[in-house]
Amino acid sequence: MEPLERGAPIPDPLTPYLEVDRTQPRHECWVTGHMVAGLDGTAAIHGRVGALSTEPDQDLFRRMRQIADVVMVGAQTVRSEGYAPMRLSESARAQRQTRGQSEMPPVAVVSRSLDLDWSSQVFTAAPEHARTIVITCAKADPVRLAAAEQAATVIIAGEERVEPAAALQALAGLGYQVVLCEGGPRWLGELVAADRLDELCLSISPMMGGDALPVSVAPPGAGIAQFSLKSTMVADDTLFLRYEAKPAAAEGRS
Ligand SMILES: NC(=O)c1ccc[n+]([C@@H]2O[C@H](COP(=O)([O-])OP(=O)(O)OC[C@H]3O[C@@H](n4cnc5c(N)ncnc54)[C@H](OP(=O)(O)O)[C@@H]3O)[C@@H](O)[C@H]2O)c1
C-alpha cells in the first residue's frame, strides 16, 4: 500500500480526461461511464442525483460531455432527471471541431417500454445536427415506436430487450466512436455485464444516507468486471477516480 499524496493544483480538471487515448476500444467503440456515488455507494438521494453531486462534480459532469460523440442514458434517468439536449460552451465546441468531432453530442436514450414524454425538451429542443436517438428493441409497442420515430432517430438493437453490443455496434456504425454513459445504474450494469465499459469516471461525494441504489446494478448472472486505477483528483472533499477496464479474465477476492 502507498499513500496518495496531494500534488500541485491542476489548472483545468478536464485536461486529464481530454488527454485519454480513446482511439483503441476493446470492442466497437469506446464507452466511458460517468457516475457519482456517496461514501456508502449510493447513486441517488430521493430518486435524484442532484443532492449527491458537489459543486466541483457538477462542473466536471457538465464539461465531460465535451469528450463524447454521443451521450447515452437509461430511460429511467431521462424520466427522473428531465434530460435536455447537451449544451457546451463556445470554446468547448470549438475544441471539439479542432479534434474532428461534431459541434455537439446527441443524447441516446435506451428504452424497451418507450414510455417517454415525446414533448419534453430532450426530443423537441435537440438541433437537427444532434437529433436525439432512441435505442429500443423489436418487441417495443408499435404505437409508441411510431411516436418515437416522429420525435427521434430510432435504433432497433435486439428482439426482447436492447442488447448492449448491438446498440454500440449501431452507434459505431453511425460514426460515434466515444460513447459517454451517464447512467443510470441499471443500464450501466447492462454495459458492464456485456463487458462494454472501457472507462469509469467515478466521483465520490462526502456524504452517506441516500437511496438503496448502487452506481451499477448487475443483471442476474453477470460476472465480476475488473478495473485498473488510472488517475485521481480531489477538490474540496470530493474524490475523482478514473478507472479503465482490465482486459484479463476476472478473479474474485478470496
Ligand atoms: N449517481 C449517478 O451518477 C446517477 C446517474 C444517473 C442516474 N442516477 C439515478 O439513478 C436512478 C435511475 O437509474 P435506474 O438504474 O433506475 O434506471 P436507468 O438505468 O436510468 O434506466 C433503466 C431503464 O432503461 C431501460 N433499459 C435498461 N436496460 C435495458 C435493456 N437491456 N433493454 C431495454 N431497455 C433497457 C429501461 O427503460 P424502460 O423502462 O423505458 O423500458 C429501464 O427501465 C435515478 O434515481 C437517477 O437519479 C444516478
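Keep in mind it's a predicted model, so treat the numbers as computed, not measured.

Trainee: Would you mind going over the packing of aromatic side chains in detail, with residue names and values included?
Mentor: For the structure on display, the rule yields one aromatic pair. Centroid distance W118 to F123: 4.8 Å. Interplanar angle 55°. Geometry classified as tilted. With respect to burial, W118 and F123 carry one shared label: buried.

Trainee: Explain the state of the cysteines residue by residue, including any values.
Mentor: With the rule as written, the count across this model stands at zero disulfides. With no disulfide of its own, C29 has C181 as its nearest cysteine by sulfur position, at a separation of 11 Å. Classification of C29 as buried rests on a relative accessible area of 2%. We note that C137 lacks a disulfide partner, and the nearest cysteine sulfur, in C181, lies 17 Å from it.

Trainee: An account of the confidence of the model for the protein is requested, with residue identities and associated values reported.
Mentor: Across the protein, pLDDT averages 95, with 97% of residues at or above 70. The low-confidence segment residues 250-254, where pLDDT is below 50, has three contacts with residues more than four positions distant or belonging to other chains.

Trainee: How would you sum up the UniProt feature "domain: Bacterial bifunctional deaminase-reductase C-terminal" (unreviewed entry) in the protein? Please name residues and give values.
Mentor: This chain's UniProt record puts "domain: Bacterial bifunctional deaminase-reductase C-terminal" (unreviewed entry) on residues 30-219. Annotated as residues 30-219, this span is 31% helix and 18% strand, and its ends, taken at the C-alpha atoms, are 21 Å apart.

Trainee: So what about the site of the ligand? Which residues, and what values?
Mentor: Of all residues adjacent to the ligand, which total 28 residues, the nearest are V36, T77, E81, S111 and S113. Contacts to the ligand include Q76, whose backbone N or O atom sits 3.1 Å from an oxygen atom. Within the backbone of W187, a nitrogen or oxygen atom sits 2.9 Å from an oxygen atom of the ligand. Protein coverage of the free-state accessible area of the ligand, which is 920 Å², stands at 88%. Of all the elements in the fold, those that place two or more residues in the shell around the ligand are β1 (30-37), α3 (75-81) and α8 (185-193). Element by element, the count of residues in the shell around the ligand is highest for α3, at six residues. Across the shell around the ligand, the residue classes break down as eleven nonpolar, nine polar and eight charged.

Trainee: Give me the nonpolar core: which residues, what numbers.
Mentor: Proteins that are soluble and globular tend to have nonpolar side chains buried together. In terms of nonpolar packing, the biggest core is built from 37 residues, with Y17, M64, W118 and F123 touching the most fellow members. Where this core is concerned, the elements lending two or more residues are α1 (15-18), α2 (55-64), β2 (70-74), α3, β3 (107-110), α5 (121-124), α6 (142-151) and β6 (178-181). The element that contributes the greatest number of residues to this core is α6, accounting for three residues. With residues near it in sequence (within four places) discarded, W118 still touches F123, T124, V134, R144, A147, A148 and A151. A108, V162, A167 and L188 belong to the second largest nonpolar core, which has 30 residues in total.

Trainee: Which residues make up the pairing of strand β9 (residues 238-245), and what values do they have?
Mentor: With six of its eight residues buried, β9 lies for the most part within the structure. Looking at chain direction, strand β8 (residues 227-235) and β9 are connected through eight bridges and run antiparallel. Counted as the bridge partner of A235 is T238 from β9.

Trainee: Explain the pattern of salt bridges residue by residue, including any values.
Mentor: Side-chain pairs of opposite charge can arise where the charged atoms are in close proximity. This structure, assessed with the given rule, holds 14 salt bridges. In this structure, E199 and R22 form a salt bridge, with 2.8 Å as the shortest nitrogen-oxygen distance. Within this pair, whereas E199 is found in strand β7 (residues 199-204), its partner R22 is found in the loop between α1 and β1, the two being separated by 177 residues in sequence. Taken individually, E199 and R22 each receive the classification buried, so the pair is uniform in this respect. Across the pair E244 and R242 runs a salt bridge whose closest N-O atoms are separated by 2.9 Å. Connected via shared salt-bridge partners are R22, E199, R242 and E244.

Trainee: Now, about helix α7 (residues 164-173): what can you tell me, with residues and values included?
Mentor: Inspection of α7 places P164, A167, L168, L171 and A172 among the buried residues, and these make up the whole buried set. Looking straight down α7, one finds its buried side chains confined to an arc of 135°; they lie on one side. Residues of α7 that are buried in the fold lie against β1, β2, β4 (133-136), β5 (153-156), β6 and α8. Looking one or two residues beyond α7, the residue adopting positive phi is G175, at roughly 100°.

Cut-offs and rules
- Residues numbered from 1 in each chain as written.
- Predicted model: local features only at pLDDT ≥ 70, side-chain atom pairs only at ≥ 80, totals over all residues.
- Heavy atoms only, no water.
- Phe/Tyr/Trp six-rings, centres within 6.5 Å; stacked < 30°, edge-to-face > 60°.
- Buried < 20%, exposed > 50% of the residue type's maximum accessible area, 1.4 Å probe, protein only.
- Disulfide = S-S within 2.5 Å.
- pLDDT = per-residue confidence, 0-100.
- Contact = heavy atoms within 4.5 Å.
- UniProt positions renumbered as here; feature names shortened; annotations may be inferred.
- Helix = DSSP H or I, 4+ residues; strand = E, 2+ residues; numbered from the N terminus.
- Near = heavy atom within 4 Å.
- Polar contact = N/O pair within 3.5 Å; in protein donor to acceptor, adjacent residues only side chain to side chain.
- Areas by Shrake-Rupley, 256 points an atom, 1.4 Å probe, with all protein chains shown as cover.
- Nonpolar A, V, L, I, M, F, W, Y, C, P; charged D, E, K, R; others polar.
- Core = buried A, V, L, I, M, F, W, Y, C linked by side-chain atoms within 4.5 Å.
- Pairing = 2+ DSSP bridges.
- Salt bridge = Lys/Arg side-chain N within 4 Å of Asp/Glu carboxyl O.
- Arc of directions from axis to C-beta.

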